[in-house]
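# Overview (structure and organization)
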Number of protein chains: 2
Amino acid sequence: MSDAAFVPTTRTALRRHRERAQYDRDAVYAILDEGFICHAACAVDGTVWMIPTAYGRDGDHLLLHGAAANHVLKAAAAGAELTVTVTLIDGLVLARSTFHHSLNYRSVVVFGQAIEVTDPVEKAEALTVIVEHMLPGRTGDARSPTGRELASTRVLRLPLDEVSAKVRTGGPIDDAEDMGLPVWAGVLPLRPAAGPARPDDANRADVAVPAYLTQPDRWSGGP
Amino acid sequence: MSDAAFVPTTRTALRRHRERAQYDRDAVYAILDEGFICHAACAVDGTVWMIPTAYGRDGDHLLLHGAAANHVLKAAAAGAELTVTVTLIDGLVLARSTFHHSLNYRSVVVFGQAIEVTDPVEKAEALTVIVEHMLPGRTGDARSPTGRELASTRVLRLPLDEVSAKVRTGGPIDDAEDMGLPVWAGVLPLRPAAGPARPDDANRADVAVPAYLTQPDRWSGGP
């Protein structure tokens, strides 16, 4: 895995709010590792197609998967460039003026051409990374994919080369002349909350709730 | 506001998992009204540009706003078609097999050409809708935008014509031969959680925490 910072390109260099840009690889990867849903898009015949989808990270690659017939993944496998965004919303920023209202967020955008993974062993490994990314420990329990299941799944590796993060933190930044207004200002923190786990009605009586669901470290983060 | 269902087009008709498609306008609008962040994208010179951004809904239009220089909004104002996705993640679906793992989610995709709002009164009204969408009651407190602030903000109205929703709910759907496996199956519900509100250090001592932050109905929803 590279430890070099990302080099801003004409597409990833921020033109406004440059103080919010992050190109440090560890900082970017921390955001990718905390998120679990991305929005992946590509243009086909003049239309931008976009899907929300799970992902994983393997070193300097983002891993995507889906049904073989999925339009975005199919086009990307055929060479269409992908734009992938991961967005974490950390809070509403309430300023004294409507104009300075904002969001605290951490977002990553990736531009690149994906490479399709066709080797069944590599595909199975990629799916393990994606499922473990979402819920560490899960693939130790669930039945592994069969050859036929792997064949019906498309897996893409997207190189993490042209990448940037944009981060806003902290409280509202109001104009000096507004600071005396009788308006409550501050931040309403937001975070994803999980649980409690709901067992399937058909679960075997002898199967206990796994520790990764009762102690969900993956989901215990917060502001 | 129209009450007619959306008519599936070649772009919004689902080809797989057709049981997950929703074209009922009330159902689609309920998703748009519950979400507060969209991903908006358009293609410019062969690149798909995508931004996470706040939005509001005014009848049969989605309202977007941002800095006048924002690349996506600027291109959309100049005629580039927008693709906008709103995604609500409701849970991780843990099946007995890795292959049948899934997410419970509700997502909406909108294709269309936006119209720029240039009249200052209409712009101010649109910003009120967007802020109220995120936190009802807030615009009654915060200072309204000045003419200069409005001039530096771009506002777009995107007609809600070519729209579809995709919804997955419920537990895992495993293959019959996997039902006896000793694997815990079920759903880990996820939802956005809010609070507690953090006041700005410079808040006036005589300003109380607003009721919309201590009783945040906007943020009390859950699985």
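Structure: see above.
Residues numbered from 1 in each chain as written. Chains lettered and ligands numbered in written order. Predicted model: local features only at pLDDT ≥ 70, side-chain atom pairs only at ≥ 80, totals over all residues. Heavy atoms only, no water.

## What to know about the overall build of chain A
Note the following rule: Runs of H or I in DSSP of at least four residues are treated as helices and runs of E of at least two as strands, each being numbered from the N terminus. Three exposure classes are used, based on accessible area relative to the maximum for each residue type with a 1.4 Å probe and protein chains only: buried under 20%, partly exposed in between, and exposed over 50%. The contact criterion used is simple: two residues touch if any of their non-hydrogen atoms lie within 4.5 Å.
Counting secondary structure elements, chain A contains five helices and 11 strands. A principal-axis box enclosing the C-alpha atoms of chain A has dimensions of 65 × 50 × 35 Å. Looking at chain A as a whole, 52% of its 223 residues qualify as buried. The long-range share in chain A, meaning contacts at least 24 apart out of those at least 6 apart in sequence, stands at 71%.

## Some words on the environment of A:Ala202
Along the chain, A:Ala202 falls in the loop between strand S11 (198-199) and helix H5 (211-214). Along the backbone, A:Ala202 and A:Glu81 are 121 residues apart, and their C-alpha atoms lie at a distance of 43 Å. Residues contacting A:Ala202, with those up to four places away along its chain left out, are B:Arg96 and B:Met179.

## Section: the side chain of A:Asn104
Turning to its location among the elements, A:Asn104 is positioned in strand S6 (residues 102-112). By relative accessible area, A:Asn104 is classed as buried at 7%.

## Comments concerning the interface of chain A and chain B
The test is simple: By convention, the term buried area covers the 1.4 Å-probe accessible surface removed from two parts as they join, with the contributions of both added. Just to be clear on terms, a salt bridge is a Lys or Arg side-chain nitrogen sitting within 4 Å of an Asp or Glu carboxyl oxygen. Polar contacts here mean pairs of N or O atoms no more than 3.5 Å apart (in protein, one a potential hydrogen donor and the other a potential acceptor; neighbouring residues in sequence count only if both atoms are side-chain atoms).
Contacts between chain A and chain B engage 83 residues on the former and 83 residues on the latter. Summed over both partners, the interface of chain A with chain B comes to about 7200 Å²; 63% of that surface belongs to carbon and sulfur atoms. The three residues of chain A that bury the most area against chain B are A:Thr98, A:Arg143 and A:Trp184, which together make up 11% of that side's buried surface. Between chain A and chain B we count six salt bridges in total. A salt bridge links B:Asp178 to A:Arg143, with the shortest nitrogen-to-oxygen separation between them at 2.7 Å. Applying the counting criterion to the chain A and chain B interface returns 35 residue pairs in polar contact (both at pLDDT 80 or more). Elements with a minimum of two residues in the side of chain A that touches chain B: strand S2 (37-44), strand S3 (47-58), strand S5 (82-94), S6, helix H3 (120-134), strand S10 (186-194) and S11 of chain A.

## Re the relation of the copies chain A and chain B
Quick reminder of the rule: Superposing the copies works by least squares over the C-alpha atoms of residues that have pLDDT at least 70 in both of them.
By a simple turn and slide, chain A fits onto chain B: the slide is 0.0 Å along the axis, the RMSD is 0.0 Å, and the turn is 180°. In the structure described here, the two chain copies are related by an operation that fits a two-fold rotation axis. In terms of C-alpha distance to the rotation axis, chain A has A:Pro192 as its closest residue, with the C-alpha 2.2 Å off the axis. Looking at the interface residues of chain A, 100% of them are also at the interface in chain B, so both copies use one shared face.

## Things to note about the pattern of salt bridges
The final tally for this structure, using the stated rule, is 30 salt bridges over all chains. The residue A:Asp200 makes a salt bridge to B:Arg96 at a minimum N-O spacing of 2.8 Å. Separated into two different chains, A:Asp200 in the loop between S11 and H5 and B:Arg96 in the loop between strand S5 (82-94) and strand S6 (102-112) make up a pair that spans both. Each member of the pair, A:Asp200 as well as B:Arg96, carries the same accessibility label: buried. Linked through salt bridges whose partners overlap, the residues forming this network are A:Arg143, A:Glu149, B:Asp175 and B:Asp178.

## Here we look at the pairing of S6(B)
Residues and elements named next belong to chain B. We count it as follows: When DSSP locates at least two bridges between a pair of strands, those strands are taken to pair.
The element S6 is largely enclosed, with a buried count of 10 among its 11 residues. As defined by bridge partners, S5 adjoins S6 across 11 bridges and the pair is classed as antiparallel. Bridge assignment links Thr87 to a residue of S6, and that residue is Ser107. Where S6 lies against strand S9 (residues 162-168), seven bridges are found, and the strand directions are antiparallel.

## What to know about the environment of A:Arg168
Residue and element names in this part refer to chain A. For Arg168, the location among the structural elements is in strand S9 (residues 162-168). Between the C-alpha atoms of Arg168 and Arg20, which are 148 residues apart in sequence, the distance is 5.9 Å. Aside from chain neighbours lying at most four places away, what touches Arg168 is Arg20, Val93, Ser102, Leu103, Asn104, Tyr105 and Ile173. Reaching out from Arg168, the side chain makes a polar contact with the side chain of Ser102 at a distance of 3.4 Å. There is a polar contact of 3.0 Å between the side chain of Arg168 and the backbone oxygen of Gly170.

## Remarks on the environment of A:Arg96
Given a relative accessible area of 1%, A:Arg96 falls into the buried group. Non-local contacts of A:Arg96, meaning those with residues more than four positions away in its chain, are made with A:Pro172, A:Asp174, A:Asp178, A:Met179, A:Leu181, A:Val183, A:Ala185, B:Ala142, B:Arg143, B:Asp200, B:Ala202 and B:Asn203. A polar contact is formed between the side chain of A:Arg96 and the side chain of B:Asp200, at a distance of 2.9 Å. Within the local environment of A:Arg96, its side chain forms a polar contact with the side chain of B:Asn203, the two groups lying 3.2 Å apart.

## Some words on the packing of aromatic side chains
Heads up, the condition is: Note on aromatic pairs: the rings of Phe, Tyr and Trp (six-membered ring only in Trp) are paired at centre separations within 6.5 Å, and the planes decide the class, stacked below 30 degrees, edge-to-face beyond 60, tilted for the rest.
The tally for this structure, following the rule as stated, stands at four aromatic pairs over all chains. For the pair A:Phe111 and B:Trp49, a centre-to-centre distance of 5.6 Å together with 70° between the ring planes defines the contact as edge-to-face. One end of the pair, A:Phe111, is in strand S6; the other, B:Trp49, is in strand S3 (residues 47-58), on a second chain. For the residue pair A:Phe111 and B:Trp49, the accessibility class agrees, reading buried in each case.

## Digging into unusual backbone geometry
Omega for the peptide link from A:Gly195 to A:Pro196 comes to -5°, which places this bond in the cis form. Position of A:Pro196 relative to the elements: it lies in the loop between S10 and S11. Phi is positive for A:His17, close to 50°, though the residue is something other than glycine. The class for A:His17 is partly exposed, based on a relative accessible area of 38%. A positive phi angle is found at B:Asp45, which is not glycine, with a value near 50°. Structurally, the position occupied by B:Asp45 is in the loop between strand S2 (37-44) and S3. Judged by its relative accessible area of 80%, B:Asp45 falls in the exposed class.

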